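Secondary and tertiary structure notes
Each chain, written out:
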Amino acid sequence: MTTAFDTKMAALALRLINKFGKAATFKVVTGEIYDETTGDVTGASSSDVSRKISPPSEVSFLLNSFPNVQPGTAECFVATSGLTFTPSVNMQLTVDSVVWTITELMPIYSGDD
């Protein structure tokens, strides 16, 4: 159940990311059709969507025991309020001319217990 505190904190997070965050460009791919026989992907189109994210920070070496965490892994936060797409694994984003690939998502929902 979403509380008044959740609502205030979600709005605060969005304001802070918009004020202090870094510009990122997400490559959104739509309309993919995968042919299991040939392994080809056809009909795909992509568009770039700009959005501010929290500045990426290197993941602690203590997390390196997780399979998706490799050297050079960074984490960041994206406010999904008003986002026109759903971030997904293998989606690419560019921050400061560096291309990153999303390897894991951990959504945080307002009102979580």
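Okay, so let's go over this structure. A quick note: this is a predicted structure, and the numbers were derived from the prediction, not measured. (Residues numbered from 1 in each chain as written. Predicted model: local features only at pLDDT ≥ 70, side-chain atom pairs only at ≥ 80, totals over all residues. Heavy atoms only, no water.)

A separate point is the overall build of the protein. Across its full length, the protein carries one helix and eight strands. Looking at the protein as a whole, 19% of its 113 residues are labelled buried. Pairs at least 24 residues apart make up 53% of the contacts formed inside the protein by residues separated by at least 6 positions. Element-wise, carbon and sulfur atoms account for 57% of the exposed surface of the protein, whose accessible area totals about 8,500 Å². (Helix = DSSP H or I, 4+ residues; strand = E, 2+ residues; numbered from the N terminus. Buried < 20%, exposed > 50% of the residue type's maximum accessible area, 1.4 Å probe, protein only. Contact = heavy atoms within 4.5 Å. Areas by Shrake-Rupley, 256 points an atom, 1.4 Å probe, with all protein chains shown as cover.)

As for its placement among the helices and strands, Arg51 is situated in strand 4 (residues 45–53). An unpaired buried charge is present at Arg51: no salt bridge exists, and Asp48, the closest side chain of opposite charge, is 15 Å distant. Among the polar contacts made by the side chain of Arg51, one reaches the main-chain carbonyl oxygen of Ala79 at a distance of 2.5 Å. In this view, Arg51 contacts Leu14, Lys22, Ala23, Ala24, Phe26, Val78, Ala79, Thr80, Ser81, Gly82 and Leu83; residues no more than four positions away in its chain are not counted. (Lys, Arg positive; Asp, Glu negative; His and termini not counted. Salt bridge = Lys/Arg side-chain N within 4 Å of Asp/Glu carboxyl O. Polar contact = N/O pair within 3.5 Å; in protein donor to acceptor, adjacent residues only side chain to side chain.)

Positive phi, normally seen in glycine, also occurs at Asn90, with a value near 75 degrees. Note on Asn90: relative accessible area 61%, which makes it exposed. In the Ramachandran plot, Ser97 falls in the positive-phi region, its phi being about 65 degrees despite a non-glycine side chain.

Residues Ala24, Phe26, Val28, Val49, Ile53, Leu83, Phe85, Met91, Leu93, Val95 and Ile102 constitute the largest nonpolar core, which totals eleven residues. Sorting the residues of this core by element identifies strand 1 (22–30), strand 4 and strand 7 (92–95) as the ones contributing at least two each. The element best represented in this core is strand 1, accounting for three residues. Ignoring any residue separated from it by four or fewer positions in sequence, one finds Val28 in contact with Ser45, Ser46, Ser47, Val49, Phe85 and Met91. (Core = buried A, V, L, I, M, F, W, Y, C linked by side-chain atoms within 4.5 Å.)

As a further point, take the sheet that holds strand 4. Read across the sheet, four strands follow the order 4-1-7-8 without closing on themselves; strand pairing throughout is antiparallel. A single partner strand is all that each edge strand has here, and the edge strands are strand 4 and strand 8 (98–101). Along the sheet, successive strands turn relative to each other by an average axial angle of 25 degrees, direction set aside. Across the sheet, helix 1 (residues 4–20) touches strand 1 and strand 4, and the angle it forms with strand 4 is around 100 degrees. (Pairing = 2+ DSSP bridges. Axes fitted to C-alpha atoms, helices over the stretch in contact; angles between N-to-C directions.)

Consecutive side chains along a regular strand alternate between the two faces of the sheet. Burial of strand 7 is one-sided: the residues Leu93 and Val95 facing one way are buried, the residues Gln92 and Thr94 facing the other way are not. In the sheet, strand 1 pairs with strand 7 via four bridges, with the strands oriented antiparallel. Among the inter-strand pairings, Thr25 is bridged to a residue of strand 7, identified as Thr94. Pairing of strand 7 with strand 8, which is carried by four bridges, proceeds in the antiparallel orientation. Considered in strand 8, the bridge of Leu93 is made with Trp100.

One pass over the structure, following the stated rule, counts two salt bridges. Notably, a salt bridge pairs Asp96 with Lys22, separated by 3.0 Å at the nearest N-O pair. In this pair, Asp96 is assigned in the loop between strand 7 and strand 8 and Lys22 in strand 1, connecting sequence segments 74 residues apart. Measuring nitrogen to oxygen at the nearest pair gives 3.9 Å for the salt bridge that ties Asp48 to Lys27. Of the two residues, Asp48 sits in strand 4 while Lys27 sits in strand 1, which places them 21 residues apart along the sequence. When its relative accessible area of 55% is taken as the criterion, Asp48 is described as exposed. On the basis of relative accessibility, which here comes to 34%, the residue Lys27 falls in the partly exposed class.

Geometry only, nothing functional implied.
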